Amino acid sequence: MTEPLVCASNLTKHFGDFVAVDSVDFSVKPGEVFGFLGPNGAGKSSTMKMIGAVSPVTDGALTVFGLDPDQDGPAIRGRLGVVPQDNLLDTELTVFENLFIYGRYFDLPKPVIRDRIDELLDFAQLGERRNDLVEPLSGGMKRRLTIARALINQPDLMLLDEPTTGLDPQARHALWDRLYRLKQQGVTLIITTHYMDEAEQLCDRLVVMDKGKIVAEGSPQELIERYATREVVELRFPIGETPGEDKLDGLAKRIEALPDRTLLYTDNAEQSLLDLNERPLPIESTIVRRATLEDVFLRLTGRTLVD
Amino acid sequence: MLVVERHARVYRRTWRGSVISTFANPILYLLAMGLGLGSLVDQGGGSVQLDHDYLTWLAPGLLAAATMMTATGESLYPVMAGMKWNKYYSDALSTPVSTHDLVVGHFGWLTLRVLFTAVVFSGVMVTFGSIGFSRVLLVIPPSVLAGLAFAGPVTAYAARLEKETGLSAVFRFVITPLFLFSGIFFPIEQLPDWMEPIAYATPLWHGVELTRASALGIETALHPAVHIAVMVAFLAVGAAIANRLFHKRLVV
Ligand SMILES: Nc1ncnc2c1ncn2[C@@H]1O[C@H](COP(=O)(O)OP(=O)(O)OP(=O)(O)O)[C@@H](O)[C@H]1O
Ligand SMILES: [Mg+2]
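How each quantity is defined
- Residues numbered from 1 in each chain as written.
- Chains lettered and ligands numbered in written order.
- Predicted model: local features only at pLDDT ≥ 70, side-chain atom pairs only at ≥ 80, totals over all residues.
- Heavy atoms only, no water.
- Helix = DSSP H or I, 4+ residues; strand = E, 2+ residues; numbered from the N terminus.
- Rg over C-alpha atoms; globule rule 2.2 N^0.38 Å.
- Buried < 20%, exposed > 50% of the residue type's maximum accessible area, 1.4 Å probe, protein only.
- Contact = heavy atoms within 4.5 Å.
- Areas by Shrake-Rupley, 256 points an atom, 1.4 Å probe, with all protein chains shown as cover.
- Lys, Arg positive; Asp, Glu negative; His and termini not counted.
- Charge placed at Lys NZ, Arg CZ, Asp CG, Glu CD.
- Donors = N, O, S within 2.8 Å, 3.2 Å for Na, K, Ca; no water.
- Pairing = 2+ DSSP bridges.
- Axes fitted to C-alpha atoms, helices over the stretch in contact; angles between N-to-C directions.
- pLDDT = per-residue confidence, 0-100.
- Core = buried A, V, L, I, M, F, W, Y, C linked by side-chain atoms within 4.5 Å.
- Near = heavy atom within 4 Å.
- Polar contact = N/O pair within 3.5 Å; in protein donor to acceptor, adjacent residues only side chain to side chain.
- Nonpolar A, V, L, I, M, F, W, Y, C, P; charged D, E, K, R; others polar.
- Buried area = accessible area lost by both parts, 1.4 Å probe.
- Salt bridge = Lys/Arg side-chain N within 4 Å of Asp/Glu carboxyl O.
- Expected span 1.5 Å × (residues − 1).
- Patch = residues over 30% accessible without salt bridge, like charges linked within 9 Å, V, L, I, M, F, W, Y side chains within 5 Å.

*Asks:* Give me the lowdown on the overall build of chain B, citing residues and values where you can.
*Replies:* Each helix and strand counted, chain B has 10 helices and 0 strands in total. Reading chain B from its N end, one meets helices and strands in the order α-α-α-α-α-α-α-α-α-α. The C-alpha radius of gyration of chain B comes to 19 Å, within 12% of the 18 Å expected for a compact globule of 252 residues. For chain B, the C-alpha atoms occupy an extent of roughly 60 × 40 × 30 Å along the three principal directions. Relative to its full complement of 252 residues, chain B shows a buried share of 52%. Contacts in chain B between residues at least 24 apart in sequence constitute 76% of all its contacts with a sequence separation of at least 6. About 11,200 Å² of surface is accessible on chain B, with carbon and sulfur atoms providing 68% of the total. Here chain B contributes 16 positively and 14 negatively charged side chains, and the mean placements of these two sets differ by 17 Å.

*Asks:* Tell me about the coordination of the magnesium ion (ligand 2), residues and numbers included.
*Replies:* Within the first shell, the magnesium ion (ligand 2) binds the protein through Ser45 of chain A (OG) and Gln85 of chain A (OE1), at distances of 1.9 to 2.1 Å. One end of the pair, Ser45 of chain A, is in helix 1 (residues 44-51); the other, Gln85 of chain A, is in the loop between strand 5 (80-83) and helix 3 (95-105), and 40 residues separate them in sequence.

*Asks:* Account for the sheet that holds strand 11 (residues 254-257) of chain A, naming residues and giving values.
*Replies:* All names here are of chain A. Spatial strand order, 11-12-10-13: 4 strands in an open sheet with antiparallel pairing. In this open sheet, the two edge strands, each paired with only one partner strand, are strand 11 and strand 13 (285-290). On average, each strand axis in the sheet is inclined to that of its neighbour by 20°, with strand direction left out of account. Here strand 11 pairs with strand 12 (residues 262-266) via 4 bridges, running antiparallel.

*Asks:* How would you summarise the sheet that holds strand 4 (residues 59-64) of chain A if you had to cite specific residues and measurements?
*Replies:* The pairing of strands in a sheet happens through backbone hydrogen bonds and is either parallel or antiparallel. Residues and elements named next belong to chain A. Taken in spatial order, the 3 strands line up as 2-1-4 in an open sheet, and their pairing is antiparallel. One side of each edge strand has no neighbouring strand; the edge strands of this open sheet are strand 2 (18-28) and strand 4. On average, each strand axis in the sheet is tilted by 25° relative to the strand beside it, whichever way the strands run. The pairing of strand 1 (residues 6-15) with strand 2 spans 7 bridges and is classified as antiparallel. Looking across to strand 2, one finds that Ala8 is bridged to Phe26.

*Asks:* Lay out the confidence of the model for chain B in plain terms, naming residues and giving numbers.
*Replies:* Interpretation of this model should avoid reading the predicted coordinates in detail wherever pLDDT is low. Residues and elements named next belong to chain B. Per-residue confidence for chain B gives a mean pLDDT of 91, with 100% of residues at or over 70. Per-residue pLDDT, averaged within each element of chain B, yields its smallest value for helix 2 (residues 46-50) (78) and its largest for helix 10 (residues 224-250) (97). Here the prediction assigns the complex a pTM of 0.89, and the interface score ipTM is 0.87.

*Asks:* Can you explain the nonpolar core? Please cite residues and give values.
*Replies:* With 129 residues, the main nonpolar core has Ile152 and Leu293 of chain A together with Leu102, Ile184 and Phe246 of chain B as its most contacted residues. Sort the elements by how many residues they give to this core and helix 3 (residues 54-85) of chain B lands first, with 16 residues. Excluding residues within four positions of it along the chain, Phe246 of chain B makes contact with Val79, Met83, Tyr89, Thr99, Leu102, Val103, Thr155, Ala159 and Val251 of chain B. In this structure, Val28, Leu159, Ile190 and Val207 of chain A belong to the second largest nonpolar core, which totals 27 residues.

*Asks:* I'd like a description of the site of ligand 1, backed by residues and values.
*Replies:* Residue and element names in this part refer to chain A. By nearness alone, 14 residues border ligand 1, and Gly41, Lys44, Ser45, Ser46 and Gln85 come closest of all. Between an oxygen atom of ligand 1 and a side-chain N or O atom of Lys44, the distance comes to 2.8 Å. Ser45 has a polar side-chain atom sitting 2.7 Å from an oxygen atom of ligand 1. Relative to its unbound accessible area of 630 Å², ligand 1 is 65% covered by the protein chains. When residues of the shell around ligand 1 are traced back to their parent elements, those giving at least two are strand 2 and helix 1. Among the elements that make up the shell around ligand 1, the one with the highest residue count is helix 1 (3 residues). Partitioned by chemical class, the residues of the shell around ligand 1 number 5 nonpolar, 7 polar and 2 charged.

*Asks:* Which residues make up the interface of chain A and chain B, and what values go with them?
*Replies:* At the junction of the two partners, chain A supplies 28 residues and chain B supplies 23 residues. Of the roughly 2,300 Å² buried between chain A and chain B on both sides combined, carbon and sulfur atoms contribute 55%. Here chain A is connected to chain B by 5 salt bridges. The shortest N-O distance in the salt bridge between Arg149 of chain A and Asp91 of chain B comes to 2.5 Å. At the boundary of chain A with chain B, the tally comes to 12 residue pairs in polar contact (both at pLDDT 80 or more).

*Asks:* Can you lay out helix 9 (residues 203-216) of chain B for me, pointing to particular residues and giving the numbers?
*Replies:* An α-helical turn contains 3.6 residues, so any two residues separated by three or four positions project in the same direction. Residue and element names in this part refer to chain B. For helix 9, which comprises 14 residues, the first-to-last C-alpha distance of 20 Å matches the rise-based estimate of 20 Å (1.5 Å per residue) to within 8%. Burial of helix 9 is extensive: 14 of the 14 residues sit out of reach of the surface. Among the residues trailing helix 9, Gly217 stands out with phi positive, at a value near 70°.

*Asks:* Summarise a nonpolar patch on the surface; cite the residues concerned and give the values.
*Replies:* All names here are of chain B. A cluster of nonpolar side chains, Phe23, Ile27, Leu31, Leu35 and Phe116, forms an exposed patch at the surface whose accessible area comes to about 400 Å². The biggest single contributor to the nonpolar patch is helix 1 (residues 2-43), with 4 residues. Positionally, Leu35 belongs in helix 1. By relative accessible area, which is 42% here, Leu35 ends up partly exposed.

Below, the structure is given as structure tokens:
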């Protein structure tokens, strides 16, 4: 059994009277990709900032690399690669200088930084913007630069707070590929995302947070098995003609009525469809699919997917 | 000290405007006040009372004022930028850099900027003939200290500033009155008696006294150690408060 890289017990964060993170427990093993899911305001970023040793812990215990963020903040931060939710780039510097100065904050030798910058600009596809100021870059370019910058110190642990928000599909796949390679090299990744497909693809293990608490924990597959069924039948009805739940009773294990569609959770979609045919319902369209993390998310955090 | 490198990088892009004003300001002031106004003062018997011609007497005071201006400006806008506009402070804090490093970097860079202003200004004084080569190096330490005495409290003030209007207020309500009434243009003995103690309480008067005494080779009003101690106290207390405020505002 290896020592956990990050270990939190009863971890709590208050902002004044407001409780942003409410006594959570989790631990992250070396080499694993660990995810935080949850609706807006759940406390994901607040947790990430405590792990990143930039936001003091209000209560509970937290260790990162076996160190206490309160005592050994600089030592912890020196081994982290942080991609914050909001791009905190230095707008008074150019693309190159942002990478260079950031590397200098880690006290890396200048020639080493220069070598790494060439490779990172390549990865971020920003080689042509090397000497441009950061401010006029597009949102996605800033995001790519922020991600590239987080790699300058060759971190052991990366904290990625919604890394792919605002990226085009190509850039997103390039990032996934990079993250996969980092994982191969033994880098541990902690990631938050609102994209369930991303969480399903990337995360070995994840927790779902809601209102400052952890409401579920497990691998994507485990969570789907535990909180959803094997298959889902999605029904659409004409506007205003969505039937009451009583009309659908007995068709599936669980029924979820969303604003735009109704979901039937079932282990046997074929049987549910047959049963459905026998009821006189004004169905507009029917889709059968396998259950995903999104279904887990909906179930655990109360129906609406907030994004 | 790594933070100083960052400031130097930013300056590399914006230096032109600031270098021009660093040279232009002393030339304009020495021309208008020293030569223009000075010829009147000297004809009216001022130079007898001051023991020197007006330009020679005035220039060291203007030097101390120039470092005060530079230090104040550099403590207001860049700090506000780091806290609010650009947020590069929070950015740096995700690395091993601490708020203490940010404060040290700020004062380190500021000292270089103030030193640059002092060197340029005293160079202009030499070309105006208001100071000789033998004394010019002596005026640099006291004038730099005068600037730093302002940098301390002004940085602390900027560290907790929320609104931009608070920036120009410093110049309007603090810097301009001090500039006029700290013994730069006339000895503070000319002021009404009740105003004199106020001058004693401000760092600029101490800076002017010390710089002028070094330039002219005359006695200071108080013991030099007192002048130095007052300015060091302003710097030290201001910097300590700034250090606390940086931590309080940035580490949440
Ligand atoms: N500096 C702060 N001061 C006061 N309240 C804060 C601060 N930072 C976060 N909060 C509050 O803490 C709660 C959790 O915020 P947090 O940013 O951790 O949520 P999140 O899960 O990351 O949400 P999102 O998906 O929108 O990024 C929110 O209600 C937020 O308003
Ligand atoms: Mg967040």
